[in-house]
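Residue-level structure breakdown
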Amino acid sequence: MKKIIFLFAFLPFFGCAEAQQIFNQLPNKAKTSGILNQTDIAAGLKEALNNGVEKQVVKLTQVDGFYKNEMVKILMPEELQKVDKTLRSIGMGSLADEGIKMMNRAAEDAVKEATPIFVNAVKSMTITDAKNILMGSDNSATTYLQTSTTTALYGKFNPVIKSSFDKVGADKIWSTIITKYNSIPLVKKVNPDLTDYVTNEAMEGVFKMISVEEKNIRTNLNSRTSGLLKKVFALQDKK
């Protein structure tokens, strides 16, 4: 799985030696030379991440936030792709489409639970975390965010997705789909755990959209929407 929403991974901008040199200068020269101190840099990273959460996580919670976003749209799991193909071949494409839509609707519901988890991860970020992110590899920020939130996200997403399936009748739709498929002569019977599948796909979609913001803040000066962001991310432009 590749690396939410939301700007965090944009921050490993220096080579290790250069970043270390900057940090070594900070304690005595920050105020007199105009170089940002470590607290400022950590604050800038937190602001960037908060902005990313607001822009990308909230976007995924909208109706069709997943369903009409080809980057994150949840499709049939591998073991059900043959179900999809078979249903369409016997004129039941609309039923297959409805099953896919319900999976994406459940993900859109679940992602509403993500914001407080990400906010807490941002608040918990230390100056040492910020330093390691800044001096780390190209995906060090995304890795930090995933490590900090994945367990909590799964715990929040999974019951919401189950409840959403129940609420919109997806459990009945999928029961019908599976029953119809399993009744076809000679097919291998299937009984997937769709709640677990959609939970993991929803989390993957969130982090994929974070990577969009990562690229944006690295390459687009206009994405630095405050004085602090301009100062912090200007450091990358000097490498």
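Residues numbered from 1 in each chain as written. Predicted model: local features only at pLDDT ≥ 70, side-chain atom pairs only at ≥ 80, totals over all residues. Heavy atoms only, no water.

1. Notes on the overall build of the chain
The criterion, for reference: Strands here mean DSSP runs of E at least two residues long; helices mean DSSP runs of H or I at least four residues long; both are numbered from the N terminus. Using the Shrake-Rupley algorithm and a 1.4 Å probe, accessible areas are obtained, with residue cover drawn only from the displayed protein chains.
A count of helices and strands for the chain gives 10 helices and zero strands. N-terminal to C-terminal, the α/β element order of the chain is α-α-α-α-α-α-α-α-α-α. Carbon and sulfur atoms provide 52% of the accessible area of the chain, an area that totals close to 11,800 Å².

2. Looking at the nonpolar core
The nonpolar side chains of a soluble globular protein tend to be buried, and buried together. Put simply, the rule is: Among buried residues, the Ala, Val, Leu, Ile, Met, Phe, Trp, Tyr and Cys ones that are joined through side-chain atoms within 4.5 Å form a nonpolar core. The cut-offs for exposure are 20% and 50% of the maximum accessible area for each residue type, with area from a 1.4 Å probe on protein chains only; residues under the lower value are buried, those over the upper are exposed, and the others partly exposed.
Ranked by internal contacts, the top residues of the largest apolar core, which has 48 residues, are Met 103, Phe 118, Phe 157 and Val 198. Leu 45, Ala 48, Ala 130 and Leu 229 belong to the second-largest nonpolar core, a separate cluster that totals 14 residues.

3. Topic: helix H2 (residues 38-61)
Residue pairs spaced three or four apart in an α-helix point in one direction, given the helix's 3.6 residues per turn. Convention followed: Given the number of residues in a helix, its expected span is that number minus one, multiplied by 1.5 Å. Axes are fitted to the seven residues ending at a residue and to the seven starting at it; the angle between these axes is taken as the bend at that residue.
The end-to-end C-alpha distance of H2 is 34 Å, a good match for the 34 Å that 24 residues give at a rise of 1.5 Å each. Helix geometry: H2 is bent most strongly at Val 53, by close to 25°.

4. Some remarks on the environment of Ala 130
The condition is simple: Whether two residues are in contact is decided by their heavy atoms: any pair within 4.5 Å suffices.
The residue Ala 130 is located in helix H6 (residues 127-135) in this model. For the pair Ala 130 and Gly 44, spaced 86 residues apart in sequence, the C-alpha separation works out to 9.5 Å. What Ala 130 contacts, discounting residues up to four positions off in sequence, is Ala 42, Leu 45 and Met 125.

5. Observations regarding the pattern of salt bridges
Basically, it comes down to this: The salt bridge criterion pairs a side-chain nitrogen of Lys or Arg with a carboxyl oxygen of Asp or Glu, the two atoms within 4 Å.
As enumerated under the stated definition, the model contains seven salt bridges in all. One salt bridge connects Lys 55 with Glu 213, and the closest N-O pair in it is separated by 3.5 Å. Taken together, the residues Lys 55 in helix H2 and Glu 213 in helix H9 (residues 194-219) connect sequence positions 158 residues apart. Taking the relative accessible area as the measure of exposure, Lys 55 reaches 42% and is therefore partly exposed.

6. Digging into the packing of H2 against helix H5 (residues 114-124)
The condition is simple: Axis definition: a line fitted to C-alpha atoms, limited for helices to the stretch in contact. Angles are taken between N-to-C directions and run from 0 to 180 degrees. Comment on the angle field: the value is read as roughly parallel under 35 degrees, roughly antiparallel over 145, roughly perpendicular from 65 to 115, and oblique elsewhere. Three residue categories are used. Nonpolar comprises Ala, Val, Leu, Ile, Met, Phe, Trp, Tyr, Cys and Pro, charged comprises Asp, Glu, Lys and Arg, and polar comprises the others, including Gly.
Running from N to C, H2 and H5 cross one another at 170°; their axes reach a closest spacing of 10 Å. Taken together, the axes of H2 and H5 lie roughly antiparallel to each other. Packed against H2, whose contacting residues are Lys 46, Leu 49, Asn 50, Val 53 and Val 57, the element H5 presents Ala 114, Thr 115, Phe 118, Val 119, Val 122 and Lys 123 at the interface. Considering only residue class, the contact of H2 with H5 consists of seven nonpolar, two polar and two charged.

7. Let's talk about the confidence of the model for the chain
Low-confidence regions, as indicated by low pLDDT, have predicted coordinates that should not be scrutinised in detail. To be explicit about the condition: A residue's pLDDT is the predictor's confidence in that residue, given on a scale from 0 to 100.
On average, the chain scores 76 in pLDDT, and the residues at 70 or more come to 77%. Contacts of residues 1-33 to residues separated by more than four positions or lying in other chains number 107 contacts, the stretch itself having pLDDT below 50.

8. Quick word on H5
Put simply, the test is: Relevant arc is that of directions from the helix axis to the C-beta atoms, nothing else.
Within H5, the full set of buried residues consists of Ala 114, Ile 117, Phe 118, Ala 121 and Val 122. Looking down the long axis of H5, one finds its buried residues gathered within 140° of arc, a one-sided arrangement. More than 90 degrees from the buried face of H5, the exposed residues found are Pro 116 and Lys 123.

9. A word on the packing of aromatic side chains
Here is the rule: The rule is short: rings of Phe, Tyr and Trp, with Trp giving its six-membered ring, pair when the centres are within 6.5 Å, and they are stacked under 30 degrees, edge-to-face over 60, tilted in between.
Enumeration according to the criterion identifies one aromatic pair in this entry. For the ring pair Phe 118 and Phe 207, a centre distance of 6.2 Å and an interplane angle of 90° mean the geometry is edge-to-face. Highlighted residues: Phe 118 in helix H5 and Phe 207 in helix H9, separated in sequence by 89 residues. In this structure, Phe 118 and Phe 207 share a single accessibility class: buried.

10. So, unusual backbone geometry
Of note in the backbone geometry, Asp 64 takes a positive phi value of approximately 75° without being a glycine. Summarising the element assignment, Asp 64 is placed in the loop between H2 and helix H3 (78-89).

11. Focus on the environment of Lys 131
Along the chain, the position of Lys 131 falls in helix H6. In sequence terms Lys 131 and Gln 38 are 93 residues apart; their C-alpha atoms lie 7.7 Å from each other.

12. A few points about the packing of H3 against helix H4 (residues 93-111)
At a minimum axis separation of 7 Å, H3 and H4 run at an interaxial angle of 145°. Contact residues: Asp 84, Leu 87 and Arg 88 in H3; Gly 93, Ala 96, Asp 97 and Ile 100 in H4. Its residues placed into classes, the contact of H3 with H4 shows three nonpolar, one polar and three charged.

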